[in-house]
Amino acid sequence: DLALSVTMTAISTLLSVLLMPLNLLLYCKHAYHADVIHSLDFNSLFVALTVVISAIGCGLFVSAKVHSYRFNILANRCGSYAGLCLVGYSMLVSNTAGGNEEEEKGGSSGNGGN
């Protein structure tokens, strides 16, 4: 049922605002047995969740107000293209970021400078 699917997606997205930080707190505490929580950037996490929820809200609002088949096709194509671009960008950034961690720390991988 489509209505049930949309409702469950909306509810899980709204609950993710509270449950995702809670999951991070529990998993990091029990998996690492260290104080990893202080190194997490919760501001970035909440910004990301806000962006996702805002996008879903805007999409629901626009789909309720605009009843045009041509607009639906255009929005679907733009969404698909944007998704592919984001996947490509994520792959590019994840492969190029954080290249030489030892050099950033000031350490050397040699035999002590000899």
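Refer to the structure presented above.
What counts and how
- Residues numbered from 1 in each chain as written.
- Predicted model: local features only at pLDDT ≥ 70, side-chain atom pairs only at ≥ 80, totals over all residues.
- Heavy atoms only, no water.
- Helix = DSSP H or I, 4+ residues; strand = E, 2+ residues; numbered from the N terminus.
- Buried < 20%, exposed > 50% of the residue type's maximum accessible area, 1.4 Å probe, protein only.
- Areas by Shrake-Rupley, 256 points an atom, 1.4 Å probe, with all protein chains shown as cover.
- Axes fitted to C-alpha atoms, helices over the stretch in contact; angles between N-to-C directions.
- Parallel < 35°, antiparallel > 145°, perpendicular 65-115°, else oblique.
- Left-handed = near helix turned anticlockwise from the far one by under 90°.
- Contact = heavy atoms within 4.5 Å.
- Bend = angle between axes of the 7 residues up to and from the residue.
- Patch = residues over 30% accessible without salt bridge, like charges linked within 9 Å, V, L, I, M, F, W, Y side chains within 5 Å.
- Salt bridge = Lys/Arg side-chain N within 4 Å of Asp/Glu carboxyl O.

### Focus: the overall build of the protein
For step 1, the next point in the chain: Helix and strand counts for the protein stand at 4 helices and 0 strands.
For step 2, the next point in the chain: Residue burial in the protein is summarised as follows: out of 114 residues, 6% are buried.
For step 3, the next point in the chain: A total of about 9700 Å² of accessible surface is found on the protein, and carbon and sulfur atoms cover 65% of it.

### Some remarks on the packing of helix 1 (residues 2-32) against helix 2 (residues 42-65)
A pair of packed helices is characterised by two quantities: the angle between their axes and the separation of those axes.
For step 1, the next point in the chain: Packing of helix 1 against helix 2 brings their axes to within 10 Å, and their N-to-C directions diverge by 160°. When the axis of helix 1 is compared with that of helix 2, the two are roughly antiparallel. Both helix 1 and helix 2 take part in a crossing whose hand is right-handed. Listed contacts from helix 2 to T13, L14, S16, V17, M20, P21 and L24 of helix 1 are F42, L45, F46, L49, V52, I53 and I56.

### Examining helix 1
For step 1, the next point in the chain: Of all the bends in helix 1, the largest measures some 55° and sits at S16.
For step 2, the next point in the chain: Inspection of helix 1 places T13, S16, P21 and C28 among the buried residues, and these make up the whole buried set.
For step 3, the next point in the chain: Check the buried side of helix 1 and you find it contacts helix 2.

### Focus: the side chain of T13
For step 1, the next point in the chain: With respect to the secondary-structure elements, T13 resides in helix 1.
For step 2, the next point in the chain: Residues within four places of T13 in sequence aside, it is in contact with V52, I53 and I56.

### Here's the deal with a nonpolar patch on the surface
For step 1, the next point in the chain: The grouping of I11, L15, L18, L19, L22, L25, L26 and Y27 at the surface amounts to a nonpolar patch, some 760 Å² of accessible area in total.
For step 2, the next point in the chain: Note on placement: L22 falls in helix 1.

Just geometry here; none of it tells us what the structure is for.
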